[in-house]
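# Results of the structural survey
Now for the letters of each chain:
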Amino acid sequence: MDLSLDHDAWALAQDAADPLARFRSQFHIPRHDGREMHYFVGNSLGLQPLGAATAITEELQRWAEIAVEGHFRGERPWMHYHATLREPMARVVGALPSEVVVMNSLTANLHLLMASFYRPSRERPAILIEAGAFPSDRHAVESQIRFHGFDPARDLIELEADLPNGLISLEAIERVLAEQGERIALVLWPGVQYRTGQAFDLAAITRLAKARGCTVGFDLAHAAGNLELALHDSGADFAAWCTYKYLNSGPGAVAAAFVHERHANRPELPRLAGWWGHRPETRFLMGPAFEPAPGADGWQLSNPPVLAMAPIRASLELFDAATLPALRRKSVALTGYLEALVKTHLADCIEVLTPADPAQRGAQLSLRVTGGRERGRALFEHLAARSVLGDWREPDVIRISPAPLYNRFTDVLAFARAVRDWHPA
C-alpha cells in the first residue's frame, strides 16, 4: 500500500483493478462546482441508482395504462409486489425469505415488533439499550415502557461505554446481563452504533441475552448493506432496518423487518394487526377474525406502497449482481486505506474513534478533530467546500463512510489531501 499523499498512482491502480468498479456508473454522482463530489455519506443517504427512475416509471406507466388491474396483471402485479423484494432482501441480511418483509419505516417497525416481543411484567419490565442510542430508538423504547405502565427512569437501562471513544465491549454487555438480566425483558441493540461506527457480534449478544431469559432485537440501520449479516443464524427474535442508507433506496424509503422462523406460526403472539398481515388465502373473504400470515408477512398492516418500493427493487438488483462478500472485501480495503492515511499523515489533527479491527466496524470511520468542536466544524465546512462530503454528528464527530458500490480509492485519497490542505504538517 502506497500511503503517499503526493502521488496518486497506487490509488488509481486499485481503482483500475477493482472488480466492482463498473457499479459506480450505475449511480448518479452529485456534482459541486462542475465536478463529481467525493461522497462519503452513504451511511446517511445512499446515492440514487440509475435504475430507480426506470423502476418507478414502469409502475407509473402501468397505473396509467391499466389502473386497478395493475394489482393482478403484468410482470410484477402490485398485489404481490412486496414478495418480489423478499428473497434479495433476505440475502442482504442473511435470513430465510419467509423471515423478511419490506414495510413501513424503521421506527414504526420497531414499535410493531415490540408490541409482540416486549412483554414486560412486574418482575421483568426493563429494556437494555446502549447509552447514546440513536434518538428515535430511545424515544421508541422509552414510550413503550411508559405505554406498559412502567417508569423509564427505573426500567430503561442504558449501558455506558467501558472503552475509550465511546466503545462498548462484549464483556460490559455480559456484565450488565449478569447483574440485571432477571429484570430485562428485551435487549434492543444496534448492529452498528451510529455515532462511533462500532459493529457488534449479533450472535454473541443473542446468546448472552437468551441465557438470561431476555428477548433480543436489533436495529440494523447502519449494518444492512454494510456488513455480511447472518440474522437467521444469530438466533435473534426480531430486527428492523431502513433502506435509504447503504441500501440506496431514496429519502425516507420503505424499511424492512425480520422475525425469526421459530415465531412464524405463532398466532397467539400479540400484535398490532392490519389486513395485509392476514393470511393471503382468506384475506379477501373480508371476515372479521384476524388470521396472521405465517412468517414476517404476518406483521404487515397495509397493502404495499408500490411507487415507494420500486427503487428498493432497483437497488437490490445491484446488490445481487455485486454480492455482499465482494462488497465487504472492497469495503474493508477502502476503509483500511482511509484509516492508514489518517494515522500516517493526519494523526496530529484527527483522532479515529471507530475500532481498528475490521471485524468490529463497517465502512464508517468516526473522526474527532483535536482542539474542540469549532475546529471540527471548520474542517467539515472546508471539506464540503472542496467537494468532499461527509456528515456531522453532535457534539464533535465527522463520519466518513466509503461505500464500496460507488466509492473509489481516489475518493479516499482526495479526502486525506483536503484535510492536509486545511492542516498542513
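Coordinates for the structure precede this section.
Residues numbered from 1 in each chain as written. Predicted model: local features only at pLDDT ≥ 70, side-chain atom pairs only at ≥ 80, totals over all residues. Heavy atoms only, no water.

## A few points about the layout of surface pockets
Any space left empty among the atoms is revealed by the rolling of a water-sized probe across them. In this structure, the largest pocket occupies an estimated 290 Å³ of space. What lines the largest pocket is a set of 16 residues, among which A199, F200, D201, L202 and A359 lie closest to the centre. Split into classes, the residues belonging to the lining of the largest pocket amount to 10 nonpolar, four polar and two charged. (1 Å grid on protein atoms, 1.4 Å probe; cavity = no way out; pocket = protein on both sides within 12 Å on 5 of 7 lines; lining within 4 Å. Points joined across faces, edges and corners; volume = space filled by probe spheres on them. Nonpolar A, V, L, I, M, F, W, Y, C, P; charged D, E, K, R; others polar.)

## Some details on the pattern of salt bridges
Any two side chains of opposite charge can pair, so long as their charged atoms come close to each other. Taken as a whole and assessed by the stated rule, the structure comprises 32 salt bridges. Between K210 and D237 there is a salt bridge; the shortest N-O distance is 2.5 Å. Of the two residues, K210 is situated in helix α9 (residues 202-211) and D237 in the loop between α10 (231-234) and β9 (238-241); the sequence distance between them amounts to 27 residues. Salt-bridge contacts for R408 lead to D411; the nearest nitrogen and oxygen are separated by 3.1 Å. Look at R408 and you get partly exposed, because its relative accessible area is 25%. What emerges from the salt-bridge pattern is a single network uniting E58, E75, R76, R313 and E317. (Salt bridge = Lys/Arg side-chain N within 4 Å of Asp/Glu carboxyl O. Helix = DSSP H or I, 4+ residues; strand = E, 2+ residues; numbered from the N terminus. Buried < 20%, exposed > 50% of the residue type's maximum accessible area, 1.4 Å probe, protein only.)

## Re helix α2 (residues 50-66)
Between its terminal C-alpha atoms α2 stretches 25 Å, which fits the 24 Å expected from 17 residues at 1.5 Å a residue. Buried within α2 we find A52, A55, E59, R62 and I66. Down the axis of α2, the sector holding all buried residues measures 110°, keeping them to one side. Across α2 from its buried face, at more than 90 degrees, point the exposed residues A64 and E65. Those residues of α2 that are buried are in contact with α3 (81-84) and α11 (306-322). (Expected span 1.5 Å × (residues − 1). Arc of directions from axis to C-beta. Contact = heavy atoms within 4.5 Å.)

## Comments concerning the pairing of strand β7 (residues 184-190)
Judged by how many residues are buried, β7 sits mostly within the fold: seven of seven residues are covered. Alignment of strand β5 (residues 126-130) against β7, held across three bridges, turns out to be parallel. Across the sheet, L128 pairs through a bridge with V187, a residue of β7. Of the pairings in the sheet, the one linking β7 to strand β8 (residues 215-219) comprises five bridges and is parallel in character. Within β8, the position partnered with W189 by the bridge is F218. Considered for its hand, the β-α-β crossover made up of β7, α9 and β8 is right-handed. (Pairing = 2+ DSSP bridges. Right-handed = clockwise from strand over helix to strand, strands pointing away.)

## Concerning the sheet that holds strand β12 (residues 365-369)
Strand order in this open sheet of four strands is β11-β12-β15-β14, and the pairing throughout is antiparallel. Looking at strand neighbours, the two that pair on one side only are β11 (350-352) and β14 (391-393), the edges of this open sheet. Adjacent strand axes in the sheet meet at a mean angle of 35° when their direction is disregarded. One ladder, built from three bridges, connects β14 with strand β15 (residues 397-400); its direction is antiparallel. Within β15, the position partnered with R393 by the bridge is V397. Strands β11, β12, β14 and β15 of the sheet are contacted by helix α13 (residues 373-385), whose axis makes an angle of about 165° with β14. (Axes fitted to C-alpha atoms, helices over the stretch in contact; angles between N-to-C directions.)

## Concerning the nonpolar core
Grouped together as the largest cluster of nonpolar side chains are 68 residues, with contacts concentrated most on L177, W189 and W241. With nine residues, α11 is the largest single contributor of residues to this core. Setting aside residues up to four positions removed in sequence, L177 forms contacts with L128, I184, V187, L208, A209, R212 and C214. L112, L186, C242 and A257 belong to the second-largest nonpolar core, a separate cluster that totals 30 residues. (Core = buried A, V, L, I, M, F, W, Y, C linked by side-chain atoms within 4.5 Å.)

## Side note on a nonpolar patch on the surface
Together, L60, W63 and L307 make up an exposed nonpolar region whose accessible area comes to about 290 Å². Of note, W63 is situated in helix α2. Among the residues examined, W63 registers a relative accessible area of 52% and is labelled exposed. (Patch = residues over 30% accessible without salt bridge, like charges linked within 9 Å, V, L, I, M, F, W, Y side chains within 5 Å. Areas by Shrake-Rupley, 256 points an atom, 1.4 Å probe, with all protein chains shown as cover.)

## As for the sheet that holds β5
Strand order in the open sheet formed by seven strands is β4-β10-β9-β8-β7-β5-β6, and the pairing between neighbours is mixed. Edge positions in the open sheet fall to β4 (100-102) and β6 (156-159), since each of these has one partner strand only. Strand-to-strand twist in this sheet, taken as the mean axis angle between neighbours without regard to direction, amounts to 20°. Pairing analysis gives four bridges linking β9 to strand β10 (residues 256-259), with the strands arranged antiparallel. Note that in β10 the partner of F238 across the bridge is V259.

## Some thoughts on the packing of aromatic side chains
All chains considered together, the criterion is met by 14 aromatic pairs. Ring centres of W189 and F200 lie 5.7 Å apart, and the angle between their planes is 85°; this geometry places the pair in the edge-to-face category. In this pair, W189 sits in strand β7 while F200 sits in the loop between β7 and α9, placing the two residues 11 residues apart along the sequence. Residue F200 is classed as buried on the basis of its relative accessible area of 12%. (Phe/Tyr/Trp six-rings, centres within 6.5 Å; stacked < 30°, edge-to-face > 60°.)

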